[in-house]
Amino acid sequence: MIADKCTLRRLVRIAGVVQGVGFRPFVYNLAHRANLRGWVRNTSGSVEIDVEGPADLIEDFIGALRTEAPPLARVESVTHIDADPAGWPDFRILESESSDCASSVIPADVGTCPKCFEETLTPTDRRFGYPFTNCTDCGPRFTIIHRVPYDRPNTTMSLFEMCDECASEYRNPSDRRFHAEPIACPKCGPNVWLEQNGGRVPGKPLTITGRLLWEGHVVAIKGLGGFHLACDARNEEAVREIRIRKGRVCKPFAVMVRDVDEAGRVCRLDAGARELLESRRRPIVIAIKAGAGIAESVAPGNSSFGIMLPYTPLQELLFEHCPPALVMTSGNLGEEPLAFTNSSAKQKLGNLADAFLMHDRDIHVPCDDSVIRALPDGDAIVIRRARGYVPESIELPIDCGCVLGVGAEQKNTFCLAWGRTAVVSQHIGDLNTAEAFDYYTYAAEHFGSLFRCEPEIVAHDMHPEYLSTKYALAKGGVTLQAVQHHHAHIASCLAENGRASRCIGLALDGTGYGTDGTVWGGEILTADLADFERAGRFAQVRMPGGEAAIRDPRRMAAAFLHEAYGPDFERVSRSIDIDFPAFEQELIRRQLTTGLHSPLTSSAGRLFDAVSAAVGICRDRTYEGQPAVELEAIADESELGTYSAPLIEQDGLLVLDTISVFRAAVEDRLNGTAPSVIAARFQNSMADLLAQACVTIRDRTGLNAVALSGGVFQNAFVFTKTRARLERMGFEVLSHRLLPPNDGGISLGQVAVAAARAARARVK
Ligand code: ZN
Ligand code: ZN
Ligand code: FE
């Protein structure tokens, strides 16, 4: 066809998640369907199309780019300009163009699609039994990419030369593996093997691994983003053994089950949880235990545990040979980062695993499993955001230059942002070991080069001792921006909800550095992105021994008892069995009366610790958050009672009398009320008191939106009750949906605050 006056030529640019998701073959097929001519190609930041043909068909074509986009794509914008017809002979896919554009967005890793899985089970298929089968719709992405654009030579698959068959699939636009960058087959792709005592085990690796697992052994298995330690989840002895080896006393283990039917046998799954479980992101979903399928030691003292489905062909195929439910816990010691190279796994997990199921497709960046909590109303709370979600971007409500938010100390993530695009890193973990800090700097530098973004502004927490703060301060040639911890929590919630305007913020967590030198954690702010004011807080108590009071919830109970009962507190302590050895008792008394090594705190987390210990739910904390987790787990949902407590004006702040709430819980305990009832009443009281405080602040300020953030809102009981009460009172409630409410969301808040302050400075 020759270009005539009815021919329209359009240059189209599509931004969003459009690379590595089958977008170019989609465009190719769309163009061929309408007999349009031109070309499509990837650039670093987007997909470019040059297309010509009849005007009406071009319009339809442009519309379909959004409406018919492939499942993994996320089209953020389609912009176009018209040009003079070029007389293209046909429609082609051109080679990628590399440019210095910083806005490239790469896709997250995707669980095996049903078609690929089926191929691995079909004896006549050339990928029968092949554990690295993938296609344009599924497989590794983020974890194998060295640099952009996302093309095979820029991934860890560059070591494998495609065989003729793979190459022809890869080059054929109508094949479902067209430009599937990690494409592989048994002839040309990665291999799997089993190692024991430093040598390869002859025979079929998956069959032998299955047998070892049946026999109760612990096997380290290389996954998509790192190694797991696996054992039979139904074998009490094996699960106990893995706890001993990992030094993990009670923290629940995640379990991977063969399929969704098996999931239904071991836990209660409502529709929302099932949908999350089966989604292509394949997160760990927190579910309530049911039936007797799982060993008690998987989640001792807990009504729920994390469950997931296999998400690589290797895992799917392994379930043909192994027990139907496996503990699949991160391959690390204690809280160290995940082992992700074959050599570091052998070195670090040597004493933990009896054998290693390894392969030779390298993981370039480690990425833990994501953890999500499904709520009965269809909502979900993200607990840990990593594989399957990262590096999906979040749109900021305001523009910024290149900004890095370095995150907090615990549950660390960092966040890199440019324009209106913010990318929050995978969960890094607690930055308290040298290994964790190394991982942090490795990941942060990788992000910088991946997204070609050199930060001009670096935002950090006010805490001078956070390693992330030190990392920020050590950076030269940048503008530093210190952001208060709880302001960052609220700003994070505002930003992910696309808001920049002032709101009431409830920031409830364990601890954060306050602007007055005390430890904050039960905070009511009025805040926008740039600034905040502290409008209210929980009552303050001492933390006897500082860090020691965080590790031992009984110490927090003693501190609250001291506030509630005065000098007589030890008598009450003894009557509820909060007892210490004589010397420690004496020390705590002195700390509480003199304040020696015992900072004041308004922490919400410490109040939960104190109640959990005082009521006798959890007195021995073996992992972070355990007292609050067990308090929530035991709470009787049918109990609607509350403890009433006043709001007190003090030094211009609205103080929630959490001491009175604590005392009422202790009185209930002394009267013999069941812990399950006390736990419910206490949490109901929190929701009530917070809602009342919001009403008072609304009366004063006229603000009607309330943002909920901080680790306490991982607690579904407190979150749903607080939200319901606020909504009943006519508030607009903003909560986290994309990021965790815990410190994993801090980095986005830091970026948002720094961006808002920079924007304000430009205006002035
Ligand atoms: Zn697939
Ligand atoms: Zn091949
Ligand atoms: Fe926090």
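Residues numbered from 1 in each chain as written. Chains lettered and ligands numbered in written order. Predicted model: local features only at pLDDT ≥ 70, side-chain atom pairs only at ≥ 80, totals over all residues. Heavy atoms only, no water.

## Thoughts on the coordination of the iron ion (ligand 3)
The test is simple: Counted as coordinating are nitrogen, oxygen and sulfur atoms within 2.8 Å of the metal, or 3.2 Å for Na, K and Ca, while water is not included, which may make sites look incomplete. The secondary structure listing takes helices from DSSP runs of H or I that are at least 4 residues long and strands from runs of E that are at least 2 residues long, numbered from the N terminus. Buried means the residue's accessible area, taken with a 1.4 Å probe over protein chains only, is under 20% of the maximum for its type, while exposed means over 50%, and partly exposed covers the values in between.
Within the protein, the atoms that donate to the iron ion (ligand 3) are His485 (NE2), His489 (NE2), Asp509 (OD) and Asp743 (OD), at distances of 2.0 to 2.3 Å. Sequence positions of the donors to the iron ion (ligand 3) reduce to the motif H-x3-H-x19-D-x233-D. With His485 and His489 both in helix α13 (residues 485–496) and four residues apart, this pair spans about one turn of that helix. His485 sits in the buried class, given a relative accessible area of 0%.

## Regarding the packing of aromatic side chains
Stated precisely, the cut-off is as follows: Only rings of Phe, Tyr and Trp enter the pairing, Trp through its six-membered ring, and a pair is recorded when the two centres are within 6.5 Å. The plane angle decides the type: under 30 degrees is stacked, over 60 is edge-to-face, the rest tilted.
Counted according to the given criterion, the structure contains 15 aromatic pairs. Centre to centre, the rings of Phe142 and Phe447 are 6.1 Å apart; their planes meet at 80 degrees, and the pair counts as edge-to-face. Taken together, the positions of Phe142 in the loop between α3 (114–121) and α4 (164–171) and Phe447 in helix α11 (residues 434–450) put the pair 305 residues apart, joining distant regions of the chain. Residue classification places Phe447 among the buried positions, given a relative accessible area of 1%. Centre to centre, the rings of Phe340 and Tyr442 are 6.4 Å apart; their planes meet at 35 degrees, and the pair counts as tilted.

## Let's talk about the sheet that holds strand β19 (residues 415–424)
Definition in use: Two strands pair if DSSP finds at least two bridges between them. Angular values range over 0 to 180 degrees, each being the angle between N-to-C directions of two axes fitted as lines to C-alpha atoms, with helices fitted over their stretch in contact. Contacts: residue pairs with any heavy atoms within 4.5 Å of one another.
Spatially, the four strands line up as an open sheet ordered β19-β18-β20-β21, and their pairing is mixed. Each edge of the open sheet is held by one strand with a lone partner, namely β19 and β21 (479–483). Mean inter-strand twist for the sheet, computed between neighbouring axes without regard to direction, equals 60 degrees. Two elements, strand β18 (residues 393–405) and strand β20 (residues 457–461), share three bridges in a ladder whose sense is parallel. Paired with Val403 across the two strands is Ile457, which belongs to β20. Contacting β18, β20 and β21, α13 runs over the sheet at an angle of about 135 degrees to β18.

## Side note on the nonpolar core
Nonpolar side chains in soluble globular proteins generally cluster together in the buried interior. Filter applied, for reference: Among buried residues, those of type Ala, Val, Leu, Ile, Met, Phe, Trp, Tyr and Cys that are joined through side-chain atoms within 4.5 Å constitute a nonpolar core.
By size, the foremost hydrophobic cluster in this structure holds 73 residues, and its most contacted members are Leu506, Phe662, Phe682 and Leu726. Looking at this core element by element, the count peaks at eleven residues for helix α21 (residues 675–701). Once residues lying within four places of it in the same chain are set aside, the contact partners of Leu726 are Leu506, Ala691, Cys694, Val706, Leu708, Phe731 and Val733. In terms of nonpolar packing, the next biggest core, distinct from the first, is built from 43 residues, Trp193, Val255, Val285 and Phe305 among them.

## Describing the sheet that holds strand β2 (residues 37–42)
Here five strands make up an open sheet; going across it, the order is β4-β1-β3-β2-β5 and the pairing mixed. Only two strands of the sheet have a single neighbouring strand rather than two, namely β4 (74–83) and β5 (91–93). Geometrically, the sheet is characterised by an average inter-axis angle of 15 degrees between neighbouring strands, direction not taken into account. Against the sheet, helix α1 (residues 23–33) engages β1 (7–17), β2, β3 (46–54), β4 and β5, with an angle of about 170 degrees to β5. Each of β1, β3 and β4 is contacted by helix α2 (residues 55–67), which is oriented at about 155 degrees to β3, the strand it contacts most.

## Comments concerning the coordination of the zinc ion (ligand 1)
Test applied: Site shape is set this way: if four donors have all angles between 85 and 135 degrees, tetrahedral; if opposite donors are over 155 degrees apart and all others between 65 and 115, square planar for four donors and octahedral for six; otherwise irregular.
The zinc ion (ligand 1) binds to the protein through Cys113 (SG), Cys116 (SG), Cys135 (SG) and Cys138 (SG), with metal-donor distances spanning 2.3 Å. Here the zinc ion (ligand 1) binds four donor atoms, and the angle range of 105 to 117 degrees at the metal identifies the geometry as tetrahedral. Donor residues for the zinc ion (ligand 1) sit on one chain with the sequence pattern C-x2-C-x18-C-x2-C. Neither Cys135 nor Cys138 differs from the other in exposure class; each is buried.

## A short note on the side chain of Glu169
Within the secondary structure, Glu169 is located in helix α4. Those residues in contact with Glu169, other than ones at most four positions away along the chain, are Arg126, Arg127, Asp175, Arg177, Phe178 and Ile183.

## Description of the packing of helix α15 (residues 553–565) against helix α17 (residues 582–594)
When two helices pack together, their arrangement is given by the angle between the helix axes and the distance between those axes. As a reminder of what qualifies: Throughout this description, any angle smaller than 35 degrees is read as roughly parallel, any larger than 145 degrees as roughly antiparallel, any in the 65 to 115 degree range as roughly perpendicular, and the remainder as oblique. Each crossing gets its hand from how the near helix is turned against the far one by less than a right angle, where anticlockwise is left-handed and clockwise is right-handed. Classification used: nonpolar for Ala, Val, Leu, Ile, Met, Phe, Trp, Tyr, Cys and Pro, charged for Asp, Glu, Lys and Arg, polar for all others including Gly.
Packing of α15 against α17 brings their axes to within 11 Å, and their N-to-C directions diverge by 50 degrees. When the interaxial angle is binned, α15 and α17 end up oblique. Relative to α17, the crossing made by α15 is right-handed. Residues Arg555, Ala558, Ala559 and His562 of α15 lie in contact with α17, whose contacting residues are Glu584, Leu587, Ile588, Gln591, Leu592 and Thr593. In terms of residue class, the contact of α15 with α17 is made up of five nonpolar, three polar and two charged.

## Things to note about the domain arrangement of the protein
As a reminder of what qualifies: Just so you know, the domain bounds were taken from an automatic or database domain assignment. Put simply, buried area is the surface a 1.4 Å probe can reach on two separate parts but cannot reach once they are joined, added for both.
Domain annotation of the protein identifies domain 1 (7–93), domain 2 (192–373), domain 3 (392–497 + 743–763) and domain 4 (537–693). Between the C-alpha centres of domain 2 and domain 3 there is a distance of 31 Å. Counting from both sides, the interface comprises eleven residues of domain 2 and, opposite them, nine residues of domain 3. Counting the surface lost from both domain 2 and domain 3, the interface buries some 970 Å², and carbon and sulfur atoms represent 57% of this.

## Some thoughts on α2
As a reminder of what qualifies: By this rule, a helix spans an expected 1.5 Å times one less than how many residues it contains. The directions from the helix axis to the C-beta atoms form the arc being described.
Here α2 contains 13 residues, and its C-alpha end-to-end distance of 19 Å stays within 8% of the 18 Å for a straight helix at 1.5 Å per residue. Those residues of α2 that sit buried are Ile58, Phe61, Ile62, Ala64 and Leu65. Down the axis of α2, the buried set is contained in an arc of 160 degrees. They therefore lie on one face. Residues of α2 that are exposed and point more than 90 degrees away from the buried face comprise Asp56, Asp60 and Thr67. Along its buried surface, α2 packs onto β1, α1, β3 and β4.

## Details of the state of the cysteines
Rule in force here: Cysteine sulfur atoms that come within 2.5 Å of each other are treated as a disulfide pair.
Counted under the stated rule, the structure contains one disulfide. The disulfide that involves Cys402 links it to Cys453, with 1.8 Å between the sulfurs. Residues Cys402 and Cys453 are joined by a disulfide whose S-S torsion is about 115 degrees; by sign, that bridge is right-handed. Taken together, the positions of Cys402 in strand β18 and Cys453 in the loop between α11 and β20 put the pair 51 residues apart, joining distant regions of the chain. In this model Cys322 remains outside any disulfide bridge; the closest cysteine sulfur is found in Cys231, 11 Å from its own. Residue class for Cys322 comes out buried when judged on its relative accessible area of 4%.

## A short note on the pairing of strand β27 (residues 647–650)
Relative to strand β28 (residues 653–656), β27 runs antiparallel, the two being bridged by four bridges. Looking at the pairing, Gln650 lines up with Leu653 of β28. Counting the residues in the hairpin turn of β27 and β28 gives two residues, including Asp651, whose phi is positive at 50 degrees.

## Some points on the side chain of Ser735
Following the sequence through the fold, Ser735 ends up in the loop between β30 (732–734) and α23 (746–763). Under the relative-accessibility criterion, Ser735 is labelled buried at 4%. Setting aside residues no more than four positions away along its own chain, Ser735 makes contact with Cys493, Glu496, Asn497, Leu708 and Phe719.

## What to know about α13
Test applied: Distance and chemistry together define a polar contact, namely a pair of N or O atoms within 3.5 Å, with one atom able to donate a hydrogen and the other to accept it when in protein, and with adjacent residues in sequence counting only for side-chain atoms on both sides.
Helix length check: α13 (twelve residues) gives 17 Å between terminal C-alpha atoms against 16 Å at 1.5 Å per residue, within 8%. In terms of burial, α13 is a largely internal element, twelve of the twelve residues being buried. Considered for burial, the residues of α13 that qualify are His485, His486, His487, Ala488, His489, Ile490, Ala491, Ser492, Cys493, Leu494, Ala495 and Glu496. Where α13 begins, the side chain of Gln484 points an oxygen toward the backbone nitrogen of His486, at a separation of 2.8 Å.

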